[in-house]
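# Structural description and commentary
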Amino acid sequence: MVHGLLHRAECPQYDVLITPAAPTAAIPAGSRSLTVDGTARSFFDQTGWANLTSHIGLPSLVMPIAHGTDGLPIGVQLVGSSYSDRTLLVMAERLASLLGRDGL
């Protein structure tokens, strides 16, 4: 679906897709689980989102955009069409400057 969205002739105005990097904010360093609605979940439940694009050959990167109430970062994933690595890097730089690096 993502691959098709970024390659459709009728949607050429989309150079970058921005998605959540994970379903929650980051988990504490060294932790292998997190609690969601009272249930312990594996750390690896968090990584599935970021891994999907590499399986279909699309470049992507993850960057922090905010902090949760516990101070841990919340990230987004930027996804581009094939061979658009430089576009993603430029977009990440622009997004970081708009958000203000001091706040992150």
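The structure we're discussing is the one just above.
Now for a look at the structure at hand.

Conventions we followed
- Residues numbered from 1 in each chain as written.
- Predicted model: local features only at pLDDT ≥ 70, side-chain atom pairs only at ≥ 80, totals over all residues.
- Heavy atoms only, no water.
- Pairing = 2+ DSSP bridges.
- Helix = DSSP H or I, 4+ residues; strand = E, 2+ residues; numbered from the N terminus.
- Phe/Tyr/Trp six-rings, centres within 6.5 Å; stacked < 30°, edge-to-face > 60°.
- Buried < 20%, exposed > 50% of the residue type's maximum accessible area, 1.4 Å probe, protein only.
- Lys NZ or Arg CZ within 6 Å of the ring centre and 35° of its normal.
- Expected span 1.5 Å × (residues − 1).
- Contact = heavy atoms within 4.5 Å.
- Axes fitted to C-alpha atoms, helices over the stretch in contact; angles between N-to-C directions.

### Describing the pairing of strand β3 (residues 39-42)
Looking at chain direction, strand β2 (residues 33-36) and β3 are connected through 4 bridges and run antiparallel. By the bridge assignment, T35 is partnered in β3 with A40.

### Concerning the packing of aromatic side chains
How two aromatic rings sit relative to each other is given by the distance of their centres and the angle of their planes. Per the stated rule, a full pass over the model turns up 1 aromatic pair. With 5.3 Å between their ring centres and 70 degrees between their planes, F43 and F44 make a pair best called edge-to-face. You can call F43 partly exposed: its relative accessible area is 24%. Residue F44 is classed as exposed on the basis of its relative accessible area, which comes to 55%. Between the NZ or CZ atom of R32 and the centre of the ring of F43, over which it lies, the distance is 5.5 Å.

### A few points about helix α3 (residues 85-99)
Here α3 spans 21 Å end to end across 15 residues, near enough to the 21 Å set by a 1.5 Å rise per residue. Elements that come into contact with the buried residues of α3 comprise β1 (16-20), β4 (60-67) and β5 (73-80). Note on α3: the residue one or two positions beyond its end, G100, has a positive phi of about 85 degrees.

### Regarding the sheet that holds β5
If you walk across this open sheet you meet the 3 strands as β1-β5-β4, and the pairing is antiparallel. Whereas interior strands pair on both sides, the edge strands pair on one side only; in this sheet they are β1 and β4. On average, each strand axis in the sheet is inclined to that of its neighbour by 30 degrees, with strand direction left out of account. Pairing of β1 with β5, which is carried by 5 bridges, proceeds in the antiparallel orientation. Bridge pairing in β5 places P20 opposite V76.

### Description of the environment of A92
For A92, the location among the structural elements is in helix α3. In sequence terms A92 and L61 are 31 residues apart; their C-alpha atoms lie 8.4 Å from each other. With sequence-adjacent residues up to four places away left out, A92 is seen in contact with L61, M63 and L78.

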